[in-house]
Amino acid sequence: MSTVRTVRLPGLTLAYRESGRPDGPPLVLLHGLGERATGWDTVLPDLAPRHHVYALDLRGHGDSGRTASYGLEVMREDVLAFLDALGLDRVDLVGHSMGGAVAYLLAQAVPERIERLVLEEIPALHPRPSSVPPEGADEPAHFDWAMVRAVKAQLDTPDPAWREGLTRITARTLAVAGGPTSHVPQERIVELARLIPDCRLVTIEAGHLVHNARPAEFIAAVAPFLEA
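In this report, we go over the structure that sits alongside the text. Keep in mind the model is a prediction, meaning the values are calculated, not measured.

Another point: the environment of E217. Mapped onto the fold, E217 is located in helix α8 (residues 215-227). Using a relative accessible area of 39% as the deciding quantity, one classes E217 as partly exposed. In this structure the C-alpha to C-alpha distance between E217 and L125, which are 92 residues apart in sequence, comes to 26 Å.

Let's shift gears to the pairing of strand β5 (residues 91-96). The buried count for β5 comes to 6 of 6 residues, which makes it a mostly enclosed element. The sheet contact formed by strand β3 (residues 26-30) and β5 spans 4 bridges and is parallel. Along β5, the bridge assignment pairs L30 with G95. Summarising the sheet, β5 and strand β6 (residues 114-120) pair through 5 bridges and their orientation is parallel.

Another aspect to go through is the pattern of salt bridges. Where charged atoms of side chains with opposite charge meet at close range, the side chains can pair. A complete count under the given rule lists 12 salt bridges for this structure. Between D63 and R36 there is a salt bridge, with the nearest N and O atoms lying 3.4 Å from each other. Of this pair, D63 sits in the loop between β4 (52-56) and α2 (72-86) while R36 sits in the loop between β3 and α1 (44-47); the two residues are 27 residues apart in sequence, bridging distant segments of the chain. Accessibility expressed as a relative area gives 23% for R36, which makes it partly exposed.

What follows concerns the environment of T167. Of note, T167 is situated in the loop between α5 (160-164) and β7 (172-177). Measuring from C-alpha to C-alpha, the distance between T167 and I196 comes to 5.0 Å, with 29 residues separating the pair along the chain. Ignoring any residue separated from it by four or fewer positions in sequence, one finds T167 in contact with L195 and P197. Polar contacts involving the side chain of T167 include one to the main-chain carbonyl oxygen of E164, which spans 2.9 Å.

The next point concerns helix α3 (residues 98-109). The end-to-end C-alpha distance of α3 is 17 Å, a good match for the 16 Å that 12 residues give at a rise of 1.5 Å each. Here α3 lies mainly inside the structure; 11 of its 12 residues are buried. Taken together, the buried positions of α3 are M98, G99, G100, A101, V102, A103, Y104, L105, L106, A107 and Q108.

Turning to the packing of α2 against α3, a few remarks are in order. The interhelical angle for the contact between α2 and α3, taken along N-to-C directions, is 65°, at an axis separation of 9 Å. One element, α2, and the other, α3, form an angle in the roughly perpendicular class. Crossing handedness for the pair α2 and α3: right-handed. Taken together, the residues of α3 that come into contact with α2 (itself represented by L72, E73, M75, R76, V79, L80 and L83) are M98, A101, V102, L105, L106 and A109. In the contact of α2 with α3, the residues fall into 11 nonpolar, no polar and 2 charged.

Take the nonpolar core next. Membership of the largest hydrophobic core comes to 53 residues, with the highest contact counts inside it found for L30, L56, L72, F82, Y104 and L117. Considering every element that reaches this core, the biggest residue donor is α3, with 8 residues. When sequence neighbours within four positions are dropped, the list of residues in contact with Y104 reads L119, I122, P123, L125, W162, L166, I169 and L192. In terms of nonpolar packing, the next biggest core, distinct from the first, is built from 24 residues, A37, W40, A206 and I219 among them.

For the rest of this paragraph, the subject is the side chain of R113. Mapped onto the secondary structure, R113 falls in the loop between α3 and β6. Looking at R113, its side chain comes within polar contact range of the main-chain oxygen of D89, at 2.7 Å. Residue contacts for R113: discarding those within four places in its chain leaves L80, L83, D84, L88, D89, R90 and V91.

Glancing now at α8. The terminal C-alpha atoms of α8 lie 17 Å apart, and with 13 residues this matches the ideal 18 Å at 1.5 Å per residue to within 8%. Within α8 the residues assigned to the buried category are F218, I219, A221, V222, A223, F225 and L226.

The rules behind the values
- Residues numbered from 1 in each chain as written.
- Predicted model: local features only at pLDDT ≥ 70, side-chain atom pairs only at ≥ 80, totals over all residues.
- Heavy atoms only, no water.
- Helix = DSSP H or I, 4+ residues; strand = E, 2+ residues; numbered from the N terminus.
- Buried < 20%, exposed > 50% of the residue type's maximum accessible area, 1.4 Å probe, protein only.
- Pairing = 2+ DSSP bridges.
- Salt bridge = Lys/Arg side-chain N within 4 Å of Asp/Glu carboxyl O.
- Contact = heavy atoms within 4.5 Å.
- Polar contact = N/O pair within 3.5 Å; in protein donor to acceptor, adjacent residues only side chain to side chain.
- Expected span 1.5 Å × (residues − 1).
- Axes fitted to C-alpha atoms, helices over the stretch in contact; angles between N-to-C directions.
- Parallel < 35°, antiparallel > 145°, perpendicular 65-115°, else oblique.
- Left-handed = near helix turned anticlockwise from the far one by under 90°.
- Nonpolar A, V, L, I, M, F, W, Y, C, P; charged D, E, K, R; others polar.
- Core = buried A, V, L, I, M, F, W, Y, C linked by side-chain atoms within 4.5 Å.

The structure is reproduced here in structure tokens:
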């Protein structure tokens, strides 16, 4: 069972769900665009008994604050501030899709803080055709549409330094690909795995939402990696 908590960061109240062994190794989970911490519930029962798990609602998502500023680097700084606020010096980090991009930006910026890194369905980012939703997309949701527009604009025109920085990641890394039914170009995930110095790639043919569609197979790949 997870406990919903909040922590006050500079300019933001961040919500997170805490579960697992109090004395277990810290494990931080970062969800994808438009998702929230509860999206990890399919795999949490298999992760919590071995880890002290922190599943975050990134800014603009779930129960975390809505702000005037959004972007992958801002979210990276939120996660770093979260680690500092809770006194977590070194953690294992799992990120899905957008959360994977935030995770690898953090692993580039502060490699000494990340022990193991799992990147689920996030490629090495290259420019792509615009996917930004129109300004009229503002129906009620558990996320801020302004955040979606800002993040999608960054994913469409990524900073080349993000891709180049993959070579600076020192954490042992597992890249999880969803196979041909995913909308993510699988060759870009192969590229990501090649650029990160200590990275292994596993493909689970489940589409983009691997941990939701095939939780048992996801855990079979990820749990031994985190416990090695």
